[in-house]
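Chain by chain, the residues run as shown.
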Amino acid sequence: MNKINFFLRIILKSDFLFLIIFLINLWYIIEKINRYNPYSKLFYFYDSDKEFLDSINSYYNQSLFALEEIKKWKLGNYQSAGLDNYDDKFFDKFDLVRENKLEDGKLCVGIMSKQRIGNSHNYPLKTIVSLITRVPLKYQDRILLTVYNVDRLPLENRTDLTPLVGTVKIVDLKQNVSKLVDNFDGFRKIKEAADYVTVLRHYYNQNICNLILVIEDDSIPCKNWYDKIIEAVRYVKKTNWFCLKLFTSFRSFDWAIYPYSVLFSIFKLIIINFILNRIFFLLNEFKKKIIQNLFKFVNKENKRPILIRMVLFANALLIVLRFNELSVRPF
């Protein structure tokens, strides 16, 4: 019994053991909070594969149904959408856009698309359906929309794009725009950059649109995305701007807001580290008083508080880096 009492006192007296218990509880609380936060990566981490696939498939089925409804609607209402006949593609009226006198409202949208090997989810379908259903179809005179196939597979072999044929304009980037990008197929990042530059140059040389939007084929636009883009452009029109980033990432360390994001993260690190230290040492003092009352002995001062502070700082840094998340809502 004396040995058990002795080991119990040693355990209770240990500041490092209390630190471990404190950190376990800290991360448990953080985990619980983030699990129910819809903008947290931990929220997605806890989704089972079945739940994730069910959500994706549900969205795919909705997109496929919406596309069929659009085609049915187009059959009898194509004129109200600014189309000359049923076979016209949505947002492909070059002459209409060219003749439009809008100073800052003509927008060229290029969707970079590549088939994902071994993936059954039709990302381009969801993106295109979202683009054409979340903007008034009467905007045929101010929006040009083109899907660019940047894959090695030719367009006729892209099964994921088959449902979209006849609805929007789809071209093989390498064949119809530039063959120079073939040189970069072995370097994914360079290839992606070359594709973007080629599309931007293509739109620039056409000299039709005064705004260019280039997106990936897994991007989901918000409702009334065109009007919100124009509103954002008008907001920054008087400034010396070159481009707008229309989304935010999970992490605030980002080229679009550097160096302010880094300074803000350092500030958050300082605050979080201060809070962790205050909470831990207050709880530790409370624990010592309880032990003194129960076991009637004086707890010696910890001679290594610097090590404890370093561990707390490391956890504060980990919190900032791992859970430094922003809203992923678009403009």
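This one's a predicted model, so the numbers in the text were calculated from it and none came from an experiment.

1. Looking at the overall build of the protein chain
Move 1: The number of helices and strands found in the protein chain is 11 helices and 4 strands.
Move 2: Counting over 331 residues, the protein chain shows a buried share of 37%.
Move 3: Within the protein chain, counting contacts between residues at least 6 apart in sequence, those at least 24 apart form 75% of the total.
Move 4: Accessible surface, the protein chain: about 21,000 Å² in total, of which carbon and sulfur atoms supply 61%.

2. Focus: the environment of Ser219
Move 1: Structurally, the position occupied by Ser219 is in the loop between strand E4 (211-216) and helix H9 (225-236).
Move 2: Put simply, Ser219 and Leu131 are 88 residues apart on the chain and 9.3 Å apart in space, counted from C-alpha to C-alpha.
Move 3: Engagement of the side chain of Ser219 in a polar contact is seen with the backbone oxygen of Glu216, the distance being 3.3 Å.

3. Quick word on the side chain of Asn315
Move 1: Checked against the element boundaries, Asn315 lands in helix H11 (residues 305-322).
Move 2: By relative accessible area, which is 11% here, Asn315 ends up buried.
Move 3: When neighbours within four sequence positions are excluded, Asn315 is seen to be in contact with Leu23, Trp27 and Leu276.

4. Notes on unusual backbone geometry
Move 1: Not every positive phi belongs to a glycine, and Phe91 is a case in point at roughly 55°.
Move 2: Within the secondary structure, Phe91 is located in the loop between helix H4 (49-77) and helix H5 (94-99).
Move 3: The buried category is assigned to Phe91, whose relative accessible area is 1%.

5. Re the nonpolar core
Move 1: Counting 34 residues, the largest nonpolar core has Phe91, Leu145 and Trp225 as the members making the most contacts within it.
Move 2: Elements with a minimum of two residues in this core: H4, strand E1 (107-113), helix H6 (123-133), strand E2 (143-149), E4 and H9.
Move 3: Residues contacting Trp225, with those up to four places away along its chain left out, are Leu107, Val109, Ser130, Leu131, Arg134, Val135, Ile143 and Leu213.
Move 4: Counting residues in each nonpolar core, the second largest holds 14 residues, with Leu19, Leu269, Ile308 and Ala316 among its members.

6. Notes on H6
Move 1: With 10 of 11 residues buried, H6 lies mostly within the body of the structure.
Move 2: Those residues of H6 not exposed but buried are Tyr123, Pro124, Leu125, Lys126, Thr127, Ile128, Val129, Ser130, Leu131 and Ile132.

7. Overview of the environment of Leu155
Move 1: Summarising the element assignment, Leu155 is placed in the loop between E2 and strand E3 (169-172).
Move 2: Given a relative accessible area of 24%, Leu155 falls into the partly exposed group.
Move 3: Residues Leu155 and Ile170, spaced 15 residues apart in sequence, show a C-alpha to C-alpha distance of 8.1 Å.
Move 4: Ignoring any residue separated from it by four or fewer positions in sequence, one finds Leu155 in contact with Asn149, Leu161, Ile170 and Asp172.

8. With respect to the pattern of salt bridges
Move 1: Tallied over the entire structure, the rule returns 7 salt bridges.
Move 2: Among the salt bridges present, the one from Asp84 reaches Lys93, with a minimum N-O distance of 2.7 Å.
Move 3: Asp84 sits in the exposed class, given a relative accessible area of 57%.
Move 4: Its relative accessible area of 13% is what places Lys93 among the buried residues.
Move 5: The shortest N-O distance in the salt bridge between Arg234 and Asp104 comes to 3.6 Å. Taken together, the positions of Arg234 in helix H9 and Asp104 in the loop between H5 and E1 put the pair 130 residues apart, joining distant regions of the chain.
Move 6: Note on Arg234: relative accessible area 53%, which makes it exposed.
Move 7: On the basis of relative accessibility, which here comes to 13%, the residue Asp104 falls in the buried class.
Move 8: Taken together, the salt bridges that share partners define one network made up of Asp84, Asp88 and Lys93.

9. Regarding a nonpolar patch on the surface
Move 1: On the surface, Phe264, Phe267, Ile271, Phe274, Ile275, Ile279 and Leu283 cluster together into a nonpolar patch covering about 660 Å² of accessible area.
Move 2: Looking at the secondary structure, you find Leu283 in helix H10 (residues 260-295).
Move 3: On the accessibility criterion, Leu283 (39% relative accessible area) is partly exposed.

Here is what the cut-offs are and how they apply
- Chains are numbered independently. Their residues run from 1 in the order of the written sequence.
- For this predicted model, a pLDDT threshold of at least 70 governs which residues receive local features, and a threshold of 80 or more governs which side-chain atom pairs are given and counted, while totals over whole chains, interfaces and linings are taken from all residues.
- Derived side-chain values reflect all non-hydrogen atoms in the structure, with water molecules and hydrogen atoms excluded from consideration.
- Numbering of helices and strands starts at the N terminus; helices are DSSP runs of H or I of at least 4 residues and strands are runs of E of at least 2.
- Only protein chains enter the accessibility calculation, which uses a 1.4 Å probe. A residue is then buried if its area is under 20% of the maximum for its type, exposed if over 50%, and partly exposed in between.
- Every residue pair with non-hydrogen atoms within 4.5 Å of one another is taken to be in contact.
- All accessible-area figures derive from a Shrake-Rupley calculation using a 1.4 Å probe, and residue coverage is judged against the displayed protein chains alone.
- For the purposes of these results, a polar contact is taken to be a pair of N or O atoms within 3.5 Å, where, inside protein, one atom must be able to donate a hydrogen and its partner to accept one; residues adjacent in sequence count only when each atom of the pair is a side-chain atom.
- What makes a nonpolar core is a set of buried Ala, Val, Leu, Ile, Met, Phe, Trp, Tyr and Cys residues whose side-chain atoms join them at distances within 4.5 Å.
- By definition, a salt bridge exists where a carboxyl oxygen of Asp or Glu is found within 4 Å of a side-chain nitrogen of Lys or Arg.
- Each patch is built from salt-bridge-free residues with over 30% relative accessible area, joining like charges within 9 Å and nonpolar side chains (Val, Leu, Ile, Met, Phe, Trp, Tyr) within 5 Å.

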